[in-house]
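# Inside the fold
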Amino acid sequence: MDGVEAKLQSASSSGMAAGALMCLMSMSSIQFGAALSAPAIATFGPAGASWLRLAFAAVMLAIAIRPPVLRYSGAQWIAALVLGTTTALMTMCFFAAIERIPLGLTVAIDFLGPLSVATLGFGMSWRLAWPALAGVGVLFLAYDGEGWVGSLSGVLFAAGSAVGWAIYILLTKKVGAAFKGLEGLSMSLLVAAVVATPFGFATAVPHLDAYGLLEMAGLALLVPLLPYALEMTALRRMPTASFGILMSLEPAIGALAGFIILAQPMTILQMMGTALVVTASAGATFSAEKS
């Protein structure tokens, strides 16, 4: 029996390690994909780059999933329409933000959305200290020692993305329950691509060539297709609490991607700000699981 228990523990440890690796790969794909989107944003504009990425992701996933579009009920269509619209607006706001302010700051502000959802669900309690701590971290990130970085418009776009992410989290569970497998994601991406078309078509198409098509197809794989597949697989191998705490590292990975890809250095104060956001996110996840 001892041998069987040892094998089970070894298998569990291996599953956890594989899940943790998948989490890190997912976060790296998202943040480095965002950093690598900078040239596309400069060429096509934030709305144009968002539209192209969503369109490629929607088409690729629809080909793979083949959702039975004509068989869905009115309630399913409404769920897909609301989630898809939220996804489109969130993506365009995020791209508009990283055009104007550093990636690390954008991701930190963006994280305030899901962090608020995780804490406000418990009412007015001591857990509100976590988003407050993250807010202090954002202030540290916004100051480079000489002045405030970026622009007010960039901060507002990042805040809009944070609100979108919070709504996205609340809607995803309902959409997941309304559809089979990945059909809900596929339908919401198709809607998102359509919603983004009026904003991005005119700025993207005049600059589009064969290289641009390949570039945007690759970015669509990096975000959102590859991360979603990795996260779904990781959740089958590890507890939700461990997954949430690991995903709290995303602001730090975003700052690293901004430094490596976009040459966006950070001061000691900004590094402390990133650490505060990561700590707040991990703390909120941990305290929620303990409740």
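Treat the numbers as computed from the prediction; the structure is a model and nothing was measured. (Residues numbered from 1 in each chain as written. Predicted model: local features only at pLDDT ≥ 70, side-chain atom pairs only at ≥ 80, totals over all residues. Heavy atoms only, no water.)

### Remarks on the environment of A47
- Within the secondary structure layout, A47 lies in helix α2 (residues 38-65).
- With 55 residues separating them in the primary sequence, A47 and P102 have C-alpha atoms 18 Å apart. (Helix = DSSP H or I, 4+ residues; strand = E, 2+ residues; numbered from the N terminus.)

### Some words on the pattern of salt bridges
- Within this structure, the stated rule accounts for one salt bridge.
- When the shortest N-O distance is used, the salt bridge between E99 and R100 registers 3.2 Å.
- Relative accessible area serves as the criterion here: at 42%, E99 is assigned to the partly exposed category.
- Residue R100 is classed as partly exposed on the basis of its relative accessible area, which comes to 34%. (Salt bridge = Lys/Arg side-chain N within 4 Å of Asp/Glu carboxyl O. Buried < 20%, exposed > 50% of the residue type's maximum accessible area, 1.4 Å probe, protein only.)

### A word on helix α4 (residues 103-120)
- Under the 1.5 Å per step criterion, the end-to-end length of α4 is 26 Å for 18 residues, consistent within 8% with the ideal 26 Å.
- Most pronounced at P114, the bend in α4 amounts to some 25°.
- Within α4, 13 of the 18 residues are buried, leaving the element largely enclosed by the surrounding structure. (Expected span 1.5 Å × (residues − 1). Bend = angle between axes of the 7 residues up to and from the residue.)

### Some remarks on the nonpolar core
- Counting residues in hydrophobic clusters, the biggest one holds 43 residues, and the most contacted among them are L54, F94, I98, L103, L105, L189 and M216.
- Secondary-structure elements contributing two or more residues to this core are α1 (2-36), α2, α3 (74-100), α4, α5 (129-141), α7 (183-204) and α8 (210-235).
- Broken down by element, this core gets its largest block of residues, 11 residues, from α2.
- In this view, F94 contacts A34, L103, T106, V107, D110 and S161; residues no more than four positions away in its chain are not counted.
- Ranked by size, the runner-up nonpolar core spans 10 residues in total, among them Y72, A80, M90 and L171. (Core = buried A, V, L, I, M, F, W, Y, C linked by side-chain atoms within 4.5 Å. Contact = heavy atoms within 4.5 Å.)

### Some words on a nonpolar patch on the surface
- Together, L36, L256, F259, I260 and I261 make up an exposed nonpolar region whose accessible area comes to about 450 Å².
- Per-element tally for the nonpolar patch: the top contributor is helix α10 (residues 250-262), with four residues.
- Tracing the backbone shows L36 in helix α1. (Patch = residues over 30% accessible without salt bridge, like charges linked within 9 Å, V, L, I, M, F, W, Y side chains within 5 Å. Areas by Shrake-Rupley, 256 points an atom, 1.4 Å probe, with all protein chains shown as cover.)

### Concerning the side chain of T91
- Of note, T91 is situated in helix α3.
- Of the residues examined, T91 reaches a relative accessible area of 5% and is grouped as buried.
- Dropping the residues within four chain positions of it, T91 is found in contact with S50, R53 and L54.

### What about the confidence of the model for the protein chain?
- Scored by pLDDT, the protein chain comes out at a mean of 88, with 93% of its residues at no less than 70.
- In the model of the protein chain, α1 stands out as the element of lowest mean pLDDT, 76, in contrast to α3, which has the highest, 96. (pLDDT = per-residue confidence, 0-100.)

### Some thoughts on the packing of α2 against α7
- In contact at an axis separation of 7 Å, α2 and α7 are set at 150° when each is read in the N-to-C sense. The orientation of α2 relative to α7 falls into the category roughly antiparallel. The interaxial crossing formed by α2 with α7 has left-handed handedness.
- Residues that form the contact of α2 with α7 fall into these classes: 20 nonpolar, five polar and one charged. (Axes fitted to C-alpha atoms, helices over the stretch in contact; angles between N-to-C directions. Parallel < 35°, antiparallel > 145°, perpendicular 65-115°, else oblique. Left-handed = near helix turned anticlockwise from the far one by under 90°. Nonpolar A, V, L, I, M, F, W, Y, C, P; charged D, E, K, R; others polar.)

### Brief notes about α2
- Given a rise of 1.5 Å per residue, 28 residues ought to cover 40 Å, yet the end C-alpha atoms of α2 are separated by just 30 Å, more than 12% below that figure.
- By the largest-angle criterion, G45 marks the main kink of α2, which is about 110°, and a proline, P46, follows within four residues.
- Note on α2: the residue one or two positions beyond its end, R66, has a positive phi of about 55°.

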